[in-house]
Amino acid sequence: MSVTNNITSVILIGFPNLQYFTYLFFSWLVLIYCMTISGNLLIMVLYLVSKTLQSPMYFFITQLSLCDLLLTTDIVPVLLHTVLYGGSTITLIGCIIQFCVFVISESSECLFLSVMSYDRYVAICNPLRYNSIMTHKFCVTSANVIWFVGFIVTLGDIICIYKFDFCGPHIIDHFYCDFTPLVQLSCSDTRMIHIWLFIAGFYVIMGPFLVIVTSYVYIAITILKIPSNTGRHKAFSTCSSHLTVVSIFYGTLMIVYVFPTNGQLLILSKVLSLIYTVLTPLLNPIIYSLRNKDIKAAFCKLKLYF
């Protein structure tokens, strides 16, 4: 970290105008936090103990759960303190670490969602070659590469931020250390990190999004060619959960980061950020389990052991 820093800590304001809704909002967040941790851990445990879930799709779902656990434990505890006490003081180093953990979890989730769309593409458009393409080796290698890419993106952020001189203000009007408020703390030239994040963002956000869109275009074409309504419904149901998660995740992510507008209200940005940092990790295990007979069956078997 630069030796000319004038600030050593920052204050996260969070949601300062809650007034009479503070305890209600805090209780709501605690409930969501507990449910998120429990739901994602449950999916990971079910995958490990159930033989019926040993498939590429469930392997990637567990990786997605790992991303959600990482994101939730990074954001929510600080958010809870911020809501309860009307603000939260965090060291500058802690703020940067929170941002880096956020980057590695979100960038990895984008890449995992794209690989999962490819899995659905192979399953629907090329089912006879599914087992030969989506092998265990392919899945493990893909997961390792994705986490490595997330680490490289985060390392690039750290290298850029390391060159910054932070001179204030030391107040962040947000509930976590996001890119824009963090950069605003610096009095250095920030063009380097803007260029780096533009390049990295294209490959880890827009790149996977293009893969997802392309995959679902081919999936839609294949489904429409199925003669029976039952067959089309069955084919679509295999990818509906993933499509729902992608829509929620990318919808809010792109509004905040990819298509910013000068007139965008700060409170709107906070609410949208709340959706993909707090609600999405909760919704993912719910969406993937509600209509999934395999996960329900594995859960029922697990209950028999207790």
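Along every chain, residues carry numbers that run from 1 in the direction the sequence is written. Local features are withheld for residues below a pLDDT of 70 in this predicted model, meaning they are given only at 70 or higher, and side-chain atom pairs are given and counted only at 80 or more; totals for whole chains, interfaces and linings count all residues. With hydrogens and water stripped out, all remaining heavy atoms of the structure feed into the side-chain values.

- Per an unreviewed UniProt entry, the chain goes by Olfactory receptor and derives from Engystomops pustulosus.
- In its Subcellular location (unreviewed entry) section, the UniProt entry covering the chain states "Cell membrane".
- UniProt positions are given in the numbering used here, feature names are shortened, and annotations may be inferred rather than shown by experiment. Reading the Sequence similarities (unreviewed entry) entry of the UniProt record for the chain gives the comment "Belongs to the G-protein coupled receptor 1 family."

## Digging into the sheet that holds strand β3 (residues 171-172)
- Whether two strands pair depends on DSSP finding at least two bridges between them. Helix and strand definitions follow DSSP, with helices as H or I runs of at least four residues and strands as E runs of at least two, each counted in order from the N terminus. Judged by pairing direction, the sheet is mixed, and its three strands sit side by side in the order β2-β1-β3 without closing on themselves. Two strands bound the open sheet, and with one partner strand each, they are β2 (88-91) and β3.
- The pairing of strand β1 (residues 9-12) with β3 spans two bridges and is classified as parallel. Each bridged residue has a counterpart across the sheet, and for I11 the counterpart in β3 is I171.

## Looking at the state of the cysteines
- A pair of sulfur atoms, both from cysteines and within 2.5 Å, is called a disulfide here. Taken as a whole and judged by the stated rule, the model has one disulfide.
- Each sulfur of the disulfide joining C95 and C177 lies 2.0 Å from the other. For the disulfide bridge between C95 and C177, the dihedral angle about the S-S bond is near -120 degrees, and by the sign convention the bridge is left-handed. Pair noted here: C95 is in helix α3 (residues 92-125) and C177 is in the loop between β3 and α6 (179-183), with a separation of 82 residues, a long-range link. Across the pair, C177 and C95 agree in class, each one buried. Only protein chains enter the accessibility calculation, which uses a 1.4 Å probe; a residue whose area is less than 20% of its type maximum is buried, one above 50% is exposed, and one in between is partly exposed.

## Details of the packing of aromatic side chains
- Any pair of Phe, Tyr and Trp rings, taking the six-membered ring for Trp, is counted once the centres come within 6.5 Å. Such a pair is stacked with planes under 30 degrees apart, edge-to-face with planes over 60 apart, and tilted for the rest. Scanning the entire structure with this criterion turns up 18 aromatic pairs.
- Consider the rings of F15 and F175, whose centres lie 5.6 Å apart with planes at 20 degrees: the pair is stacked. Of this pair, F15 sits in the loop between β1 and α1 (22-49) while F175 sits in the loop between β3 and α6; the two residues are 160 residues apart in sequence, bridging distant segments of the chain.
- According to the relative accessible area criterion, F15 is buried, its value standing at 13%.
- Pairing F202 with Y203 gives two aromatic rings, centres 5.5 Å apart and planes at 85 degrees, and the pair type is edge-to-face.
- Judged by its relative accessible area of 43%, F202 is partly exposed.
- Linked through ring pairs, F15, F25, W28, F102, F175, Y176 and Y276 together constitute an aromatic cluster.
- Comment: the charge-over-ring label is applied if NZ (Lys) or CZ (Arg) is within 6 Å of the ring centre and within 35 degrees of the ring normal. Its end group placed over the ring of F15, K270 keeps NZ or CZ at 5.7 Å from the ring centre.

## Considerations on the packing of α3 against helix α5 (residues 136-162)
- Inter-axis angles, ranging from 0 to 180 degrees, are taken between N-to-C directions of lines fitted to C-alpha atoms, where helices are fitted over the stretch in contact. At a minimum axis separation of 9 Å, α3 and α5 run at an interaxial angle of 150 degrees. By the criterion of interaxial angle, the relationship of α3 to α5 is roughly antiparallel. In the crossing of α3 with α5, the sense of the turn from one axis to the other is right-handed. Of the residues in α5, those in contact with I96, F99, C100, V103, I104, S107, S108, L111, F112, V115 and Y118 of α3 are F138, A143, I146, W147, V149, G150, F151, V153, T154, D157, I158 and I161. When an angle is under 35 degrees it counts as roughly parallel; over 145 it counts as roughly antiparallel; between 65 and 115 it counts as roughly perpendicular; any other value is oblique. In this scheme the handedness of a crossing depends on how the near helix is turned from the far one: anticlockwise by less than a right angle means left-handed, clockwise means right-handed. When checking whether two residues touch, look at their non-hydrogen atoms; a contact exists if any pair is within 4.5 Å.

## A closer look at the UniProt feature "transmembrane region" (unreviewed entry) in the chain
- As recorded in UniProt, the sites labelled "transmembrane region" (unreviewed entry) are residues 20-49, 82-104, 138-164, 195-224, 236-259 and 265-287.
- For residues 20-49, the end-to-end C-alpha separation is 45 Å, with 93% helix and 0% strand making up the annotated structure.
- Helix makes up 100% of residues 195-224 and strand 0%. Its end C-alpha atoms lie 42 Å apart.

## Observations regarding α5
- A helix is expected to span 1.5 Å for every residue after the first. The end-to-end C-alpha separation of α5 is 39 Å, in line with the 39 Å expected for 27 residues at 1.5 Å each.
- Among the residues of α5, those classed as buried are C139, S142, A143, I146, G150, V153, T154, G156, D157, C160 and I161.
- The inward-facing, buried residues of α5 contact α2 (56-85), α3, α6 and α7 (191-224).

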